[in-house]
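Architecture and fold: a report
The primary structure of each chain is shown beneath.
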Amino acid sequence: MEVFLFLVVAILAYFVFRVALRPIPRDPSTDLQLLDQQLHDLRQQVSTLTRRIYELELRAVAAPTLEPVAVAIEAEVQPIADPVEVPPLPDLSPTPEPLAELPPLLPDAEPVVPDFPLNPPTPMRAPEDWEALLGGNILAKIGALMAVIGIALLLGWWVPQLGPSGKVAVGFALSLAMLVPGLLIERRDTYRIPARALVAGGWAAAYFTTFAMHGLDGARVIDSPFVGLLALYAIAVAMTLFSLRYQSQILTASTFVIAFATLAIYPSSAFSLYASIPLTGFLLFVAMRRSWPWVAVVGAVTAYASYLWQWYPTHPDPIAALVALFAYFVAFEAFDLLTARPTGRLLTPLLFPVNSAGFLIATLLPESPVSPHDLASFLTVVAALFLLSAVARARLIAPDPAPLAQITGFNGAVTVSCCFAFWAIGEHYTGLAQSTGFFVVAELAFLAGHYFSRRYLRFFSAALLTIAAFSFFLFRVERFAPKTFLGLQNWLPIVAICIAALYFNRIRLKSWPYHSWLALLLLTTFSQTLPSDLRQASFWSGYATLLLWLAFRETLPEGRYQAALLNFGVLTGVLINAWEAPLWASALPTLFTGVQAFLWLRRPVTNLLGHIQRVTASTAFLILAMTFADRALPSDAVAPAWALLAVLWFGLAQEFAAPDVAAIMTWQVHALQLCILSGVFSRNFTSGGTTGPLSHRLLSVGPIAAAQYWLARQPNIVIPSTYRWSALLLILFVLRFELGRTLTVSAWATVMLVLLLLGTRLDLRLYRWQAALVGLAVFARCWATNFVVLEQLSPFAQRLSLGVTTIAAFLAAYFLVPRSYREREDATDRWLAPWFAILGSLLITVLLVIEVSGPRLTVALGLQGALTLIAGFLVRDRVIRILGLACSLAGMIKLFTFDIQKFDTPTKIVSFLGLGVLFIGASFLYARFKTKLKELL
Amino acid sequence: MTRGFYIVVAALVACLVATALGTPAASLSRSAASEIWSDVLRDADQVPLHLTRLSDDQEVAIGQQLADAVPFPIVQNPSLQNYVGDVAQPLLTNIERKNIRYEFRVVQSTESNAFALPGGHVYITDELLKHLRSEAELAFILGHEIAHVDLRHCVERYQYRAALARRIATLAEIAQAIGSVAFTQEQEVDADLRGASLLIDARYWPHAAADSFDRLRYQVSSGYYFNTHPSNGDRQLRLNRAIHARDPTGRFYLGVRNLQLQKARAHLADPNEWFDYADDAKVSARLNQTTNP
């Protein structure tokens, strides 16, 4: 056993040294030399083939009676690897002069032009060819296999009366019985295929018989395993030599397949496993010697299949099974690499996947020889083996862009190696160590990919780094690392190193941006578990600022996106936790986002994403600043603080920002106004706070309204009228809450007069409009509230005093409107003065209706109409006169519809007579003073 | 930067400093928006209410129908019924709607409540009477209910249906109901103010109104009167402010003993129950003496 292990190790060492000592074909000059060498070899082969054709042609001319050479050579026959040594021909190029030197040999012959089709088309196999293949070839091989199996069974169970020697003798006899006829018949072309099947079967039977001499109890004639092994080697050598002699890939493969099959049909034992190893070795030797890829592939399939058939899952000796499997793997891997060495190309792309898959399936299936306790170690060894394979493939095999070559070359090996390394780490470690192990493997893979310029490895390492990063997140390392390190949990330094490594990859080694995204993921994930006195929002915002700075320095271009993303997180975090965290935890994010907004201030942006990033930073700053103000200031001062922020923000935009930035900032100011209004409505209007004699309502809303009026006057404000309306509403509402429901109208009337004054003196149409609408509000409130609800507990005085005050305000408004406005084209201006007159007159009527009832109301309406009519004449205003007439008419209607019903007959007579006299008198006066009236009008 | 910028910034900074130095009292609420909404609805509702106003006779007829359907039994205690009516009489001298004839009744109920119907029907539960400490408090509650009638709050609920065609009335009532949440609250405030005004005019102790807010809130566990009439600090604040603005002068009657004996001031005027407006401490002592004999 020890000797065998020594041999295996020696073989492995040999291959490893051969591979390691191989110079790296990375240098382009080396590659060029290799190509030159290959070209030279090809030229030699072409000249050799040409020379052989000439020889054949000469022979044909010299001996035309010879039968044509049989062409029943199997399709599988490979070109001769070792050309026959013949004297070199003179230089054939450029002219076929050597032909001219052979006239005696070719007197009448036409000059023969050799015809070498470059790519002869592969003829389609005819149906009869398939029949021949099936009947002549496959059946023969199956028959040989059956015969060998029969011999094996014969030796094991049958002829029990024979002793071991007898069984061995019978076995060899039967082997010879197949070999000798096969060798004899094989010379005839007609029977060549079945003959070779017989020969293969004979050799397989001989190999099995040799195996049985020690491996089978019933046929054991050799007790020493070493001698038994030597015997197997001997028979394997014989088989090999035979295969070399016949140069048939099919024959060789059949021989070895049958030999493996014979080993597989018997109860498993360590010796049978060891016996399969030399078989594999000699098979590969033959395949390498003849450059037969299919022999190697079939051998690999057969070796692993026979193992699974025979020794899985009831392998008698796990060590032997592992040794055998490792030996298979190393042997086929060595073959793959050594055959690729001269040309830099694999002999066959199939061997590596077949070998790897067979090895991994055989070792990792359930109940495999690998103990669960040793699985991590085994996986580590496998990872190391594949890593060696990857290194060897990187040095021996030239890069090939073909997909299959990508899989079977360096890329496949290194992928398997990394996967098994991850598996081994996952099996052996947990928690922090596991995640760290993942990261180390992934980082090493990236570094290897970087330094060896392997794009695939760099890509693959990104996937590995992702797994490592997510393992940090998923396994929640902090649970496994409760100890602290300098007041911090001990995972922090490790994660910090990982993050630093990722940024090193990205910034120093110019890796893909993906690395910095992974670093961001790690950083944000673990910042959530920072100690309680550190708030993640502060950390994130500071980090976002750093990223933005790096992005602007072109060190980390994706930092812009990352900063924007972090700002979203900061906003969310602050808005959720702001009212629980300490005040500075709101201040720091505000400060950092402010710095970001400042960095963006003059930065040119050309695309939409850039705009989004910029808006994100500035919006985050504004929201955080508002939140901070909300927390830091008394509730009454919040809305003014927001207004101050809006004004400063607008000033900053106009003075320092680039034009496109200024436009965005202006829109943010608009949005801020909405927040200010909502703040005023939700806090300040109902606030009962005071500073000295002044209420906080007035103290806060006044400057806010002033700020809005200032903003409305700025040239870059696109909707100045909105600001003026909102300022007006603020003023009206603050007066409403400051003075109460009923006194409000007096203040509103004053506002109306001020607006009218400004609108007429400064010729601001909007202010005139506002004055007109405020007048309407005053009228409505007087009628609906002040004349009905009496908050000051003094009904008559209040109603009358407020009524008179308001009516006086309407009168003043009427006179404030310049007379020239009645000539203007604008209907609003023409009707401005009459509008106030109408409101005032109606209000007087309403007041009279409420205060006076019955016949006195009729008189009052008549008086109002008369006075209004006179006033209309005095001010030469037709609308006033019409109002006077309307009042009079209303009085008369009331008189005839209500009052007169209650009069007795004499009173009715007097009333009618009086009215008649009144109207006649009025008519008379009109006729009498008609001219003067026209002048007055 | 323009001069206006610096002026505005200076004004805002000054405002911040001033408010920070003062006594802040703001809290996050939607009451401001609610009040403004209520103002708008009420003002908008006044015009159609004026146009569809019912005569006093029509209101009395509606009120009688509603009074016949009141589910609470009348307390069979003529002296108590008379006492409540006697307390209310001085309040009626200053009402605006002189054509309405008021009727006051004490009804049995486990809830502490009082309510009014169109046409001048005012009800107070015996449970609420148990929690009162003075005749002035009873007068305020009666004044509050009288104010509902005098301000036409009661009849407004039925006004559209009575005055308009059914379909139009339904639409109008739906529109009114949309704003009724804030609307009724404002009506309660108006009734508070008018009730306090009637109280002062009748020379009853003015602060009985505000006192009843505080005390009944904690003494009555179920069916609290001011719960059915939405109450808040702002309502009490307004009432106090209005009374203070009125600056009442002269002497006002408290009537602790009158309530205990169920003898109205008109029949039993105790000289010790008269207090000046500034005699808050004496009134408190008198009330405490009653509470802790």
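Up top is the structure these notes are about.
First, a word on scope: everything that follows refers to the structure included in this document. (Residues numbered from 1 in each chain as written. Chains lettered and ligands numbered in written order. Predicted model: local features only at pLDDT ≥ 70, side-chain atom pairs only at ≥ 80, totals over all residues. Heavy atoms only, no water.)

When its secondary structure is counted, chain B shows 14 helices and 5 strands. Here the analysis covers contacts within chain B between residues at least 6 apart in sequence; of these, 71% occur between residues at least 24 apart. Total accessible area computed for chain B in this model is approximately 13,600 Å², and 55% of it derives from carbon and sulfur atoms. (Helix = DSSP H or I, 4+ residues; strand = E, 2+ residues; numbered from the N terminus. Contact = heavy atoms within 4.5 Å. Areas by Shrake-Rupley, 256 points an atom, 1.4 Å probe, with all protein chains shown as cover.)

All names here are of chain B. Counting buried positions over the 5 residues of strand S3 (residues 121-125) gives 5, a clear majority of the element. The side-chain alternation of S3 yields two buried faces, one formed by His121, Tyr123 and Thr125 and the other by Val122 and Ile124. Here strand S2 (residues 114-117) runs beside S3; their pairing, made up of 4 bridges, is antiparallel. Bridged to Ala116 within S3 is Val122. The turn linking S2 back onto S3 is made up of 3 residues, and Gly119 within it adopts a positive phi angle of 90°. (Buried < 20%, exposed > 50% of the residue type's maximum accessible area, 1.4 Å probe, protein only. Pairing = 2+ DSSP bridges.)

Sheet strands pair via backbone hydrogen bonds, and the direction of the pair is either parallel or antiparallel. All names here are of chain B. Reading across the sheet, the 3 strands line up as S1-S3-S2 and stay open at both edges, with mixed pairing between neighbours. Across the chains shown, the open sheet's two edge strands, defined by having one partner strand only, are strand S1 (103-107) and S2. With direction set aside, neighbouring strand axes in the sheet form an average angle of 20°. Two strands pair when backbone bridges link them, and S1 and S3 are joined in this way by 5 bridges, in the parallel orientation. (Axes fitted to C-alpha atoms, helices over the stretch in contact; angles between N-to-C directions.)

So, about the interface of chain B and chain A. Each partner contributes to the interface: chain B provides 46 residues, whereas chain A provides 47 residues. Taken over both partners, the interface formed by chain B and chain A buries close to 4,000 Å², and the fraction arising from carbon and sulfur atoms is 66%. Between the two partners, chain B and chain A, sit 2 salt bridges. The shortest N-O distance in the salt bridge between Asp39 of chain B and Arg781 of chain A comes to 3.4 Å. The interface formed by chain B and chain A contains 4 residue pairs in polar contact (both at pLDDT 80 or more). Within the residue set of the side of chain B that touches chain A, elements represented by two or more residues are helix H1 (3-21), helix H2 (31-51), helix H9 (180-201) and helix H12 (233-246) of chain B. When its residues are assigned to classes, the side of chain B that touches chain A shows 25 nonpolar, 11 polar and 10 charged. (Buried area = accessible area lost by both parts, 1.4 Å probe. Salt bridge = Lys/Arg side-chain N within 4 Å of Asp/Glu carboxyl O. Polar contact = N/O pair within 3.5 Å; in protein donor to acceptor, adjacent residues only side chain to side chain. Nonpolar A, V, L, I, M, F, W, Y, C, P; charged D, E, K, R; others polar.)

Bringing the packing of aromatic side chains into the picture now. Scanning the model with the defined rule gives 32 aromatic pairs over all chains in all. Aromatic side chains Phe685 of chain A and Phe737 of chain A sit 5.2 Å apart centroid to centroid with 15° between the ring planes, which places their arrangement in the stacked category. In this pair, Phe685 of chain A is assigned in the loop between helix H26 (659-684) and strand S3 (690-691) and Phe737 of chain A in helix H28 (residues 720-761), connecting sequence segments 52 residues apart. The same class applies to Phe685 of chain A as to Phe737 of chain A, namely buried. Summarising the aromatic geometry, the rings of Tyr102 of chain B and Phe104 of chain B are spaced 6.2 Å apart at their centres and angled 15° between planes, so their arrangement reads as stacked. Each member of the pair, Tyr102 of chain B as well as Phe104 of chain B, is classed as buried. Here the aromatic residues Phe326, Phe329, Phe352, Phe359, Phe378, Phe386, Phe420 and Trp423 of chain A are joined through ring pairs into a cluster of three or more. If you follow Arg454 of chain A out to its NZ or CZ, it ends over the ring of Phe410 of chain A, 4.4 Å from the centre. Seen from the ring of Tyr821 of chain A, Arg824 of chain A lies directly overhead, with NZ or CZ sitting 3.9 Å from the centre. (Phe/Tyr/Trp six-rings, centres within 6.5 Å; stacked < 30°, edge-to-face > 60°. Lys NZ or Arg CZ within 6 Å of the ring centre and 35° of its normal.)

Taken as a whole, this structure holds 21 salt bridges over all chains when the rule is applied. Asp39 of chain B is the salt-bridge partner of Arg736 of chain A, the closest N and O atoms lying 2.3 Å from each other. Placement of Arg736 of chain A in helix H28 and of Asp39 of chain B in helix H2 is noted, with the two residues assigned to different chains. In this structure Arg736 of chain A comes out as buried when scored by relative accessible area, which is 3%. Residues Arg105 of chain B and Glu103 of chain B are paired through a salt bridge, measuring 2.6 Å at the closest nitrogen-oxygen approach. On the basis of relative accessible area, Arg105 of chain B is assigned to the partly exposed category, the value being 26%.

As a further point, take the packing of H26 of chain A against H28 of chain A. Residues and elements named next belong to chain A. Here H26 crosses H28 at 10°, and the two axes come no closer than 12 Å. Between H26 and H28, the crossing angle belongs to the class labelled roughly parallel. Along the contact surface, H26 presents Val669, His670, Gln673, Leu677, Val680 and Phe681, while H28 presents Tyr723, Ser726, Leu730 and Phe733. (Parallel < 35°, antiparallel > 145°, perpendicular 65-115°, else oblique.)

Take it as geometry only, folks, not as evidence of what the structure does.
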